[in-house]
Amino acid sequence: MKKYLLLLFTVLGAQLVMAQDVIVKTNGEELKARVLEITTTDIAYLSADTTDAVNYKIAKAEVFMIRFANGTKEVFQENLPANTTATIADPALMYQKGQQDARSHYKGTGALLGSAASVLIAGPVVPIIIGAVKPRAHYNKALPAASLQDPNYVRGYEKQAHKRKVGKAALGFGIGTGVGVLYLMLSVMSPGK
């Protein structure tokens, strides 16, 4: 019984250690931490990069957002620039930056695997639907939060990511069809019992 309790506490302890929050500063820098307290002026946290139990503080004015380990976010609206359109240098440049980030951050693996697996069940209908659904920039947590405020960046990201998703869905359709044809050929050519 003691072994099971020790194992249970070890697993629970490991879950607590692995759970971490991310503090996103206004300059885009991210700090992996465990947020302890948010006051009107400061945020107290434990650093995830060190093993010491020292409480650190950061001014709340330096923080754009906190992504908590449970998936929720707290955005500090008062730390956003008053006029975000004034900080946008060039709409075409932000559009191109969105396209570049889509090439590097959007993988489309789900579209590929979903299309390949569904071909055998539903034919080409599901891969067409998968390819038609456009990916949203706001769902990708790897993107810089400040760039997501720019509609040109978001438009560029989503257009490029959608092109990639359609390509992955088509590739998945091809793979699924190839596997289905190969299975059919092997079952027809195999000697009867």
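Now for a description of the structure that goes with this document. The numbers attached to residues start from 1 for each chain and follow its sequence in the written order. Per-residue local features are limited, in this predicted model, to residues with pLDDT of at least 70; the limit for side-chain atom pairs, both in listing and counting, is 80 or more; totals at the level of whole chains, interfaces and linings are taken over all residues. Note that the side-chain values use all heavy atoms of the structure and ignore hydrogens as well as water.

Section: the packing of helix α3 (residues 109-122) against helix α4 (residues 125-132)
How two helices pack is summed up by the angle between their axes together with the distance between the axes.
(1) Moving on: Lines fitted to C-alpha atoms define the axes, with helix axes restricted to the stretch in contact, and inter-axis angles between N-to-C directions lie between 0 and 180 degrees. Strands here are runs of E lasting at least two residues and helices are runs of H or I lasting at least four, both read from the DSSP assignment and numbered beginning at the N terminus. As a packed pair, α3 and α4 sit with axes 7 Å apart at the nearest point and diverge in direction by 155°. By the angle between their axes, α3 is roughly antiparallel relative to α4. Packed against α3, whose contacting residues are Ala111, Gly114, Ser115, Ser118, Val119 and Ala122, the element α4 presents Val125, Val126, Pro127 and Ile130 at the interface.
(2) Moving on: In the scheme used here, Gly and all other residues not listed as nonpolar or charged are polar, with Ala, Val, Leu, Ile, Met, Phe, Trp, Tyr, Cys and Pro taken as nonpolar and Asp, Glu, Lys and Arg as charged. Of the residues that constitute the contact of α3 with α4, the class distribution is 7 nonpolar, 3 polar and no charged. Put simply, angles under 35 degrees are roughly parallel, angles over 145 are roughly antiparallel, angles from 65 to 115 are roughly perpendicular, and the rest are oblique. Note on contacts: a residue pair is in contact if any heavy atoms of the two residues lie within 4.5 Å.

Some points on the pattern of salt bridges
(1) Moving on: Every case where a carboxyl oxygen of Asp or Glu lies within 4 Å of a side-chain nitrogen of Lys or Arg is listed as a salt bridge. For the structure shown, the criterion picks out 5 salt bridges.
(2) Moving on: Here Arg34 makes a salt bridge to Asp21, at a shortest N to O gap of 3.4 Å. Of the two residues, Arg34 is situated in strand β2 (residues 30-38) and Asp21 in strand β1 (residues 21-25); the sequence distance between them amounts to 13 residues.
(3) Moving on: For every residue, the accessible area (1.4 Å probe, protein chains only) is compared with the maximum for its type, and the residue is labelled buried under 20%, exposed over 50%, or partly exposed between those bounds. Exposure remark for Asp21: the relative accessible area of 1% places this residue in the buried category.

Quick look at a positive patch on the surface
(1) Moving on: By definition, no residue in a patch forms a salt bridge, and every one has over 30% relative accessible area; like charges are joined within 9 Å, nonpolar side chains (Val, Leu, Ile, Met, Phe, Trp, Tyr) within 5 Å. For the accessible areas, the method is Shrake-Rupley and the probe is 1.4 Å, while residue cover comes only from the protein chains on display. Neither His nor the chain termini are counted; the positive set is Lys and Arg, and the negative set is Asp and Glu. By convention, charge coordinates are those of NZ in Lys, CZ in Arg, CG in Asp, or CD in Glu. On the surface, Arg103, Lys107, Lys134, Arg155, Lys159, Lys163 and Arg164 cluster together into a positively charged patch.
(2) Moving on: Broken down by element, the positive patch gets its largest block of residues, 4 residues, from helix α5 (residues 151-189).

Concerning α5
(1) Moving on: Between the first and last C-alpha of α5 there are 56 Å, a value that for 39 residues agrees with the 57 Å anticipated at 1.5 Å per step.
(2) Moving on: We define a polar contact as two N or O atoms separated by no more than 3.5 Å, with the added condition that, inside protein, one atom must be a possible hydrogen donor and the other a possible acceptor, whereas residues neighbouring each other in sequence contribute only through side-chain atom pairs. Capping the start of α5 is the job of one residue whose side-chain oxygen sits 2.8 Å from the backbone nitrogen of Asn152: Asp150. Take the residue count of a helix, subtract one, and multiply by 1.5 Å to get its expected span.

Quick look at the side chain of Asp21
(1) Moving on: There is a polar contact of 2.9 Å between the side chain of Asp21 and the backbone nitrogen of Val35.
(2) Moving on: Those residues in contact with Asp21, other than ones at most four positions away along the chain, are Leu31, Lys32, Ala33, Arg34, Val35, Ile66, Arg67, Phe68 and Ala69.

Side note on the packing of helix α2 (residues 91-105) against α5
(1) Moving on: Between α2 and α5, the least distance of the axes is 7 Å, while the angle of their chain directions is 35°. Relative to α5, α2 is oriented so that their crossing is right-handed. Facing α2, whose interface residues are Pro91, Met94, Tyr95, Lys97, Gly98, Gln99, Asp101, Ala102, Arg103 and Ser104, α5 presents Asn152, Tyr153, Arg155, Gly156, Tyr157, Lys159, Gln160, Ala161 and Arg164. Crossing handedness follows the turn of the near helix against the far one: under a right angle anticlockwise gives a left-handed crossing, and clockwise gives a right-handed one.

Looking at the pairing of β2
(1) Moving on: Of the strand pairs in this sheet, β1 and β2 are connected by 4 bridges, and their pairing is antiparallel. Looking across to β2, one finds that Ile23 is bridged to Leu31.
(2) Moving on: Between β1 and β2, which pair antiparallel and follow one another directly, the connecting turn spans 4 residues, one of which, Gly28, has a positive phi of 95°.
(3) Moving on: Criterion used throughout: strands pair if DSSP finds at least two bridges between them. Examined bridge by bridge, β2 and strand β3 (residues 42-47) share 5 bridges and lie antiparallel to one another. The residue bridging Arg34 from the neighbouring strand is Leu46, located in β3.

Here's the deal with the pairing of β3
In the case of a regular strand, side chains alternate between the two sheet surfaces.
(1) Moving on: Counted along the chain from β2 to the antiparallel partner β3, the turn is 3 residues long.
(2) Moving on: Two elements, β3 and strand β4 (residues 55-59), share 5 bridges in a ladder whose sense is antiparallel. When the sheet's bridge partners are listed, Asp42 is paired in β4 with Ala59.

A short note on the side chain of Asp150
(1) Moving on: Residue position: Asp150 is located in the loop between α4 and α5.
(2) Moving on: Comment: no salt bridge for buried Asp150; closest opposite-charge side chain is Arg155, at 7.0 Å.
(3) Moving on: A distance of 2.8 Å separates a polar side-chain atom of Asp150 from the backbone nitrogen of Asn152.

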